[in-house]
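One letter stands for each residue in the lines below.
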Amino acid sequence: DAKKAEDILRRMSNVNGVRPDNVIFNQVMNIYCKKGTKGSAEHCERLLKRMEHLSAQGNRQVAPDVRTYNIILSAYANEKGPADAEKVLQRLEMHRNIKPNSITYTTCMDSYAKRGDAHNNLRILSLMEKSYENGNLQAKPTRRTYVS
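Reference entry: report on the structure contained in this document. Computed from a predicted structure; not experimentally measured. (Residues numbered from 1 in each chain as written. Predicted model: local features only at pLDDT ≥ 70, side-chain atom pairs only at ≥ 80, totals over all residues. Heavy atoms only, no water.)

Considering the overall build of the protein
Then, in step 1: Along the backbone of the protein there are eight helices and zero strands.
Then, in step 2: Ordered by position from the N terminus, the helices and strands of the protein form the series α-α-α-α-α-α-α-α.
Then, in step 3: Computed over the C-alpha atoms, the radius of gyration of the protein is 16 Å, within 12% of the 15 Å expected from 2.2 N^0.38 for a compact globule of 148 residues.
Then, in step 4: By principal-axis analysis of the C-alpha atoms, the protein measures approximately 50 × 35 × 20 Å.
Then, in step 5: The buried share of the protein, taken over its 148 residues, is 46%.
Then, in step 6: Excluding contacts between residues fewer than 6 apart, the proportion of contacts in the protein whose partners are at least 24 apart in sequence is 58%. (Helix = DSSP H or I, 4+ residues; strand = E, 2+ residues; numbered from the N terminus. Rg over C-alpha atoms; globule rule 2.2 N^0.38 Å. Buried < 20%, exposed > 50% of the residue type's maximum accessible area, 1.4 Å probe, protein only. Contact = heavy atoms within 4.5 Å.)

Below, the structure written as structure tokens:
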């Protein structure tokens, strides 16, 4: 249960000397994401803000990474739909330190494909190919991408 996992994360944060890292935060977010219920995406956003706050206070191990954003993107795709998922992709494209990877783009494409929206699916593929051509090697399309 997501709330129990978040409670454990909170308790862990309160124990002297025990500092959660981004892997633990990502696992809690992933539970919300897989649940796909109303409010899941907002819970993930709240956890992201907490990660950013802790990172700014000096806990670099909790800094969000591309996996964090991929989970948030999936949460929006599952709960709200492809347009909201794409907004997360856009945030990531504008991020200073983190760039979208093939999973980011493919997840967004899948969200459009589930709605039968071939136009936007192909538009995201074009963005992905352009990102790769512009030097983002993590955005290299895979076989999985082309069947999305």
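Considerations on the pattern of salt bridges
Then, in step 1: Per the stated rule, a full pass over the model turns up seven salt bridges.
Then, in step 2: Residue K87 is joined to D84 by a salt bridge in which the shortest nitrogen-to-oxygen separation is 3.8 Å. Taken as a pair, K87 and D84 lie in helix 5 (residues 82–94) at a separation of three residues, close to a single helical turn.
Then, in step 3: On the basis of relative accessible area, K87 is assigned to the partly exposed category, the value being 48%.
Then, in step 4: The shortest N-O distance in the salt bridge between E86 and R123 comes to 2.6 Å. Residue E86 is found in helix 5, and its partner R123 is found in helix 7 (residues 118–133); the two are separated by 37 residues along the sequence. (Salt bridge = Lys/Arg side-chain N within 4 Å of Asp/Glu carboxyl O.)

With respect to the environment of Y32
Then, in step 1: Its location among the elements puts Y32 in helix 2 (residues 22–35).
Then, in step 2: Put simply, Y32 and D1 are 31 residues apart on the chain and 8.5 Å apart in space, counted from C-alpha to C-alpha.
Then, in step 3: Ignoring any residue separated from it by four or fewer positions in sequence, one finds Y32 in contact with A2, K3, E6, S40, H43, C44 and L47.

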